[in-house]
Amino acid sequence: MAKKEEVGRANLKTFRSFSVEEEQSQHFLMREREESIDLPCLKFPDHPEELITRPVIKSGWLDKTPPKGGRRFQRRWVQLDSEYLRYFQNNKEVYSKRMVSVWCINTVQSVGDQRFELITQSRTFLFRAETNEQRADWVVCVQKVLDSWQQNGGRSVFSKRSVVSNEGFLDMMSPRTKVYTVIKDRRVYLFKNRQEYMSGVGITDIDLRKASLKESSRSFSIVTPYRTFSFLVECEAERRRWCVCLSQCVSCTVPTVRVCDRVWSVESNRVCADCGGEGTEWASINLCVLLCEQCADAHRCLGASVSKVVSLNGQLWTDELLKVFLLLGNSKVNEFWAANVPDTEGLSVNSCSNKRLKFITSKYLHGTFRKQHHLTGQQEALNNALCAAVQSDDLMESLSLLFSGADVNCSSGIPQFPSPLALAKHSGQTEQVELLQHHLRSDAVGSEVTSAHSQSGYLFKVASSNRPITEHKARADFSQRWCSLSAGVFSYYKTDQMTSRCGSMRTSGIVCLSVNSPGSHGYEHTFELYTDGGRVYLFGSDDISTIKEWTRAITMAVLPATLSSVCGLCDRLGPLHCAEGSSGIGWFCLSGSKLQVLLQDSVQNIDLRKLHTLSVCDGVGGVILGWRGGCVHVCSDHRPHFPGWLNSLRQAAGSGTETLSQQQLTESGTPISIQRCIDHITRHGLMSVAIYRKSGANSRVSVLMDSFLRDARSVCVSEEFEVDDVANTLKRFLRAVRRGVFNGAENTHRWLSVTDLTDRRAKISQYQTLLSSLPDVNRETLKVLLNHLYCVQNLREVNQMTTRNLGIVFGPTLFQTDGSDARTSTVVEEMIQNYCAIFNVSEAELQKQLDATSLILNKLSEQQASVKHPSHTICAVYLEKKDEGAELLVQVGVSVTAAELVLEVLQMRGIEPPAGETWSCCEIQEKEDLERELHYQEKVLPVYFSLSPESHLLVRKSTYSVDFKQYLSDKMEVCKAGILQVCELKGNKNRNFNSRHCELNNATFRLYRDIQGSQVEKEWTVQELKLFHGYRRKLRPSTPWGLTLFSDRQQWYICCENEDELIAWMATFLSLKHGGNLWME
């Protein structure tokens, strides 16, 4: 037996090593033959996302193994959520061809190029992505779902332990087939047989929430908005059994549909208030939140006195209760309950039950994240405010007051209407009445919420000091203390059993809370407290969650209600002396580069990276902060906390060679250093020849670079710096900034791998995907920089900086490499060429940018009007043929066109062409036997400067002008399609011509993979291509009628069957490229 297993493993290993074709063939033989069922919709939903009952984790097109062992993959739309992987005929269909329960997937693994397998208990599914990167992304996503499923101990509807309403075989009428049918949880599941049902592989499921049932003598139909499912049964008893089950499901969904439709008309009510998952069929009617099933279970654990959970299918729903949920909605209610939820502590749809219960307990029972009402702690004021609020239609204010400690049974002081409930009824506020009635049964919540500022537990403490703590404190310097925050007092004890305190401080006397960077001291996470008496206390722990809980509790206890309601976890907070504050005091809360300042009664939100001014007053030691819309002067303070504030503000404002996100920024979010360099070059250097290729003076570059690193916002690029100095500074800065524009070397491979793609649309899509993964500042910087480079290459005829040249310069610079990998240049080239498509820049927006650039250039031209124009270039041109010593030397200016050059050459030789005869200027490449007629409006100098030593310019009679005119004269629409012999020469390996379907249409040239024209392999706009007449010498085409297409560094050789075909293709290409303007009138 063991020997057989060993032989089997050896055979499997041999099988896996076969070639791709053999592997595909064997896969098909080893797998079950799939007979999927098509269930096409007669009508498609207007909003498909509304049909999704759980969030889609990933979706997209994949190729899948075909049925019956065929050799061609089939394209399917695949969709993965937390419970199923489904694939559809297309992305519009409602009903899948197959659905695989996550419960039954044993493993997911990559096999061969671009392919991966899902291995279930009964069979294996093979998929193929377009690229290895996409394949890897699918494998990672599926594996994460599997891991989450196993951790949460989930079970599928396919599980053997699942309780179903009915099951058995039915004959489906369209398409005509027998299916194993299961009814469970108001859904009908279809399977090929019972074995597939038990193994977790289904066909599709039908949602009965929006379905109706039709019955006849021996059949019944489930009617949905998108198609009708009809089934035959063998006898009347069986039909009755199925219809009874279906009737119960359909009828019980009617009130659910009615309630859901009304509640879900508010968009925020469609997603769970706690985890953000879809499928909100439960509600807590006293907390006024809509919930998914998993979060509803956690709410039930709190008890009905805290959260009263009901189903949207329950009998409790009245019109008044519905109106409460319509007027509030999850979005508004979460502005109160979840105002201060840290990003790291929120729930997701895949959160486990323990995490859900802990979060929901903190959110509702303890009120940890709620927005603090400005009357909190003032019981009489809260009660009076509640009595006033219930007489208005402001439900949100009433909710906030009730859960901030207002007494729902308080006395109104009016004998006729003694309570808030009586006042609401008298005022006709039926929704307020509904809210109050449900709150009468939830007394426990208010009492717990009012104690949100209490905290206790063990921390490690250093002996207090009267000076800032600047040196590293080792673990031995810390002592364990039991700490307690309660009733406005922070106390610490030797142990939790001690009653005598080691020390204490009132929260009203805390002037600064500062959270240190991880690793600053012996304990990984620490925070400091500064008191108004000038003492400094340092506390620490290795548990980050412990420190977060303490800092959150201290924050809520220290800050004024107006600021604590909008302030979450922060790095530093406290009051500072400033003239603009109330009574000369302003409250400051610093988190990263974001500063929130409470001045008088308003909170200012300031991005310190975008400050206009940050200056320290040397005389008095204060600091001035100026931003768009305001200014504040912070006065100096002799106490220990003030030096820390100065350092924190300076660091948060950005400087040096930190990442782009930590630089000083413009209002648009671009680093000031980069923007000022680009602005200077735009004003003074766009027309500078070889801009960015020439180096400036190293001494001036170093001075400017150092100025930007010290304080970019104070730098003004003066006239003492040459354009090349500024250009070199920009390149040096881009090389020096940490992690670079592309956010680190670990992301470099993903960007460079895009160059391997051949389809232009796929490239653009991948670039857009990679851009979306960058930090906001990096993405905005890249857009501004590429917009600038696009403008530079737009003037390439003047500055000689083509897209290729810019790619060579900026590729290694942006990727921070040594330039040995040519793909870095290619990425920059392609992003400049496709700037508009990648960044979704409209033609109007682009034209507006170019017009602004033109205004700058026109102004510069006016200023330089007195400057002498550069002298002409002497060009060697031949007439009709190249003979030794027969070249003509012609002075050619920057603006000279091919037509003007031809006219001058003919005049030099005394030739006057007869009427109807066309002469042209040609670019001749002798080594390759290629030639190209220049368009009559094409500038000569750029072509002349690009010629190789084996190339020259030749003026002669036009070869095909008459034929082109004749061919195009009767064409209503200029286009061309057909089969051509095509060769792509890669090195010296492949010189064969293959039959391919080619197409010229809508200014686009498409090359298909085969002669059927089923799949596009290459696609270019004609503006990207250059067309030459002729072949490369080393090729052996079947006919002499050849063309060569150049696209960047690629060359495609095309063999036409005869000369007429050659003329047709050339005429079509040139007409599309030049908009029909081929000849000078």
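Note that this is a predicted model, so its numbers are computed, not measured.

Student: What is the right way to read the side chain of Ser268 from this model?
Tutor: By the element assignment, Ser268 lies in the loop between helix H5 (236-263) and strand S16 (282-284). Judged by relative accessible area, Ser268 falls into the buried class, the value being 19%. Among the polar contacts made by the side chain of Ser268, one reaches the main-chain amide nitrogen of Ser331 at a distance of 3.2 Å. Those residues in contact with Ser268 that lie beyond four places of it in its chain are Gly329, Asn330 and Ser331.

Student: Would you mind showing me how to read the pattern of salt bridges here?
Tutor: When charged atoms on two side chains of opposite charge get close, those side chains can pair. Inspection of every chain in the model, using the stated rule, returns 40 salt bridges. Between Asp637 and Arg639 there is a salt bridge, with the nearest N and O atoms lying 2.9 Å from each other. Take Asp637 and Arg639: they sit in the same class, and that class is buried. One network of salt bridges, with partners in common, ties together Asp63, Arg75, Arg128 and Glu130.

Student: What should I look at first to understand unusual backbone geometry in this one?
Tutor: Leave glycine aside and you will find that most residues have negative phi; peptide bonds, for their part, are mostly trans. The step from Ser174 to Pro175 runs through a cis peptide bond, and the omega angle for that step is 0°. As for its position among the elements, Pro175 is in the loop between strand S8 (166-173) and strand S9 (176-184). Unlike most non-glycine residues, Gln114 shows phi in positive territory, near 65°. Residue position: Gln114 is located in the loop between strand S5 (105-110) and strand S6 (115-120). Phi at Gln816 is positive, roughly 55°, even though this residue is not glycine. Relative to the helices and strands, Gln816 resides in the loop between helix H25 (803-815) and helix H26 (823-833). Take Gln816: its relative accessible area is 30%, and that puts it in the partly exposed class.

Student: Explain the sheet that holds strand S2 (residues 74-81) here, please?
Tutor: Judged by pairing direction, the sheet is antiparallel, and its eight strands sit side by side in the order S5-S6-S7-S1-S2-S3-S4-S11 without closing on themselves. Of all strands in the sheet, those bounded by a partner on one side alone are S5 and strand S11 (201-202). By the bridge criterion, four bridges tie strand S3 (residues 84-88) to strand S4 (residues 98-101) in an arrangement that is antiparallel. Across the sheet, Arg86 pairs through a bridge with Met99, a residue of S4.

Student: How should the sheet that holds strand S13 (residues 212-215) be read in this particular structure?
Tutor: Hydrogen bonds along the backbone pair up the strands of a sheet, which may run parallel or antiparallel. One open sheet accounts for seven strands, arranged S12-S10-S9-S8-S15-S14-S13; its pairing is antiparallel. Pairing within the sheet leaves two strands with one partner each, and these edge strands are strand S12 (204-207) and S13. Here the average twist between neighbouring strands, direction ignored, is 35°. Pairing geometry for S9 and strand S10 (residues 187-191), over five bridges, is antiparallel. In the strand pairing of S10, Lys184 is matched with Arg187.

Student: Help me understand the packing of aromatic side chains, please; the structure alone is not making it clear to me.
Tutor: Aromatic rings considered in pairs are described by the distance between their centres and by the relative angle of their planes. Summed over all chains, the structure comprises 33 aromatic pairs. Note on Tyr790 and Tyr835: the rings are 5.8 Å apart at their centroids and 40° apart in plane angle, and the pair reads as tilted. Linking Tyr790 in helix H23 (residues 776-794) with Tyr835 in helix H27 (residues 835-838), this pair joins segments that are 45 residues apart in sequence. Here Tyr790 matches Tyr835 in class, with each residue buried. Taken together, a centroid distance of 6.0 Å and an interplanar angle of 80° make the contact between Phe993 and Tyr1031 edge-to-face. Taken together, the positions of Phe993 in the loop between strand S38 (976-984) and strand S39 (994-1001) and Tyr1031 in the loop between strand S42 (1026-1029) and strand S43 (1042-1047) put the pair 38 residues apart, joining distant regions of the chain. You'll find Phe993 and Tyr1031 in the same group, each marked buried. Of the aromatic side chains, those joined through ring pairs into one cluster are Phe490, Tyr492, Phe527, Tyr537, Phe539 and Trp550.

Student: Please explain the pairing of S38 as it appears in this structure.
Tutor: The side chains of a regular strand alternate, residue by residue, between the two faces of the sheet. As defined by bridge partners, S38 adjoins S39 across seven bridges and the pair is classed as antiparallel. For Val982, the partnering residue across the bridge sits in S39 and is Asn994.

Student: Please explain helix H32 (residues 1059-1073) as it appears in this structure.
Tutor: In an α-helix, one turn spans 3.6 residues, which is why side chains three or four residues apart end up on the same side. With 15 residues, H32 extends 21 Å between its outermost C-alpha atoms, agreeing within 8% with the 21 Å of an ideal straight helix rising 1.5 Å per residue. Across the 15 residues of H32, 12 count as buried, placing the element largely inside the fold. Those residues of H32 that sit buried are Glu1061, Leu1062, Ile1063, Ala1064, Trp1065, Met1066, Ala1067, Thr1068, Phe1069, Ser1071, Leu1072 and Lys1073. Contacts from the buried residues of H32 go to helix H31 (961-968), S38, S39, strand S40 (1004-1008), S42 and S43. For H32, the N-terminal cap is Asn1058; the gap from its side-chain oxygen to the backbone nitrogen of Asp1060 is 3.2 Å. Where H32 ends, the next residue or the one after it, Gly1075, has phi of about 65°, a positive value.

Student: Would you explain the packing of helix H8 (residues 329-337) against helix H11 (residues 395-402) in this entry?
Tutor: Any two packed helices are characterised by how steeply their axes cross, that is the angle between the axes, and by the distance between the axes. Remark: H8 packs on H11, axes separated minimally by 10 Å, with the N-to-C direction vectors making an angle of 35°. Between H8 and H11 lies a crossing whose hand is right-handed. Contacts between H8 and H11 involve Lys332, Val333, Phe336 and Trp337 from the first element and Met396, Leu399 and Ser400 from the second. Residue composition of the contact of H8 with H11, by class: five nonpolar, one polar and one charged.

Student: Looking at this model, I keep getting lost on the nonpolar core. Mind explaining?
Tutor: Within soluble globular proteins, side chains that are nonpolar generally end up buried alongside one another. Ranked by size, the top nonpolar core spans 61 residues in total, and within it Tyr692, Trp751, Leu782, Phe810, Leu814 and Met831 carry the most contacts. The leading source of residues in this core is H23, at nine residues. Not counting residues within four places of it along the chain, the set of residues in contact with Tyr692 comprises Ile681, Ala727, Leu730, Lys731, His788, Leu789, Val792, Met801, Leu806, Val809 and Phe810.

Student: Explain H11 here, please?
Tutor: Within H11, six of the eight residues are buried, which leaves the element mostly enclosed by the surrounding structure. Taken together, the buried positions of H11 are Leu395, Ser398, Leu399, Ser400, Leu401 and Leu402.

Student: Got a minute to help me understand the packing of H11 against helix H13 (residues 430-439) in this structure?
Tutor: Contact geometry of H11 with H13 gives a least axis separation of 10 Å together with a crossing angle of 20°. Taken together, the axes of H11 and H13 lie roughly parallel to each other. For the pair H11 and H13, the crossing hand works out as right-handed. Judged by residue contacts, Leu395, Ser398, Leu399 and Leu402 of H11 engage Glu431, Gln432, Leu435, Leu436 and His439 from H13. Per-class residue counts for the contact of H11 with H13 are five nonpolar, three polar and one charged.

Reading the values: rules and limits
- Residues numbered from 1 in each chain as written.
- Predicted model: local features only at pLDDT ≥ 70, side-chain atom pairs only at ≥ 80, totals over all residues.
- Heavy atoms only, no water.
- Helix = DSSP H or I, 4+ residues; strand = E, 2+ residues; numbered from the N terminus.
- Buried < 20%, exposed > 50% of the residue type's maximum accessible area, 1.4 Å probe, protein only.
- Polar contact = N/O pair within 3.5 Å; in protein donor to acceptor, adjacent residues only side chain to side chain.
- Contact = heavy atoms within 4.5 Å.
- Salt bridge = Lys/Arg side-chain N within 4 Å of Asp/Glu carboxyl O.
- Pairing = 2+ DSSP bridges.
- Axes fitted to C-alpha atoms, helices over the stretch in contact; angles between N-to-C directions.
- Phe/Tyr/Trp six-rings, centres within 6.5 Å; stacked < 30°, edge-to-face > 60°.
- Expected span 1.5 Å × (residues − 1).
- Left-handed = near helix turned anticlockwise from the far one by under 90°.
- Nonpolar A, V, L, I, M, F, W, Y, C, P; charged D, E, K, R; others polar.
- Core = buried A, V, L, I, M, F, W, Y, C linked by side-chain atoms within 4.5 Å.
- Parallel < 35°, antiparallel > 145°, perpendicular 65-115°, else oblique.

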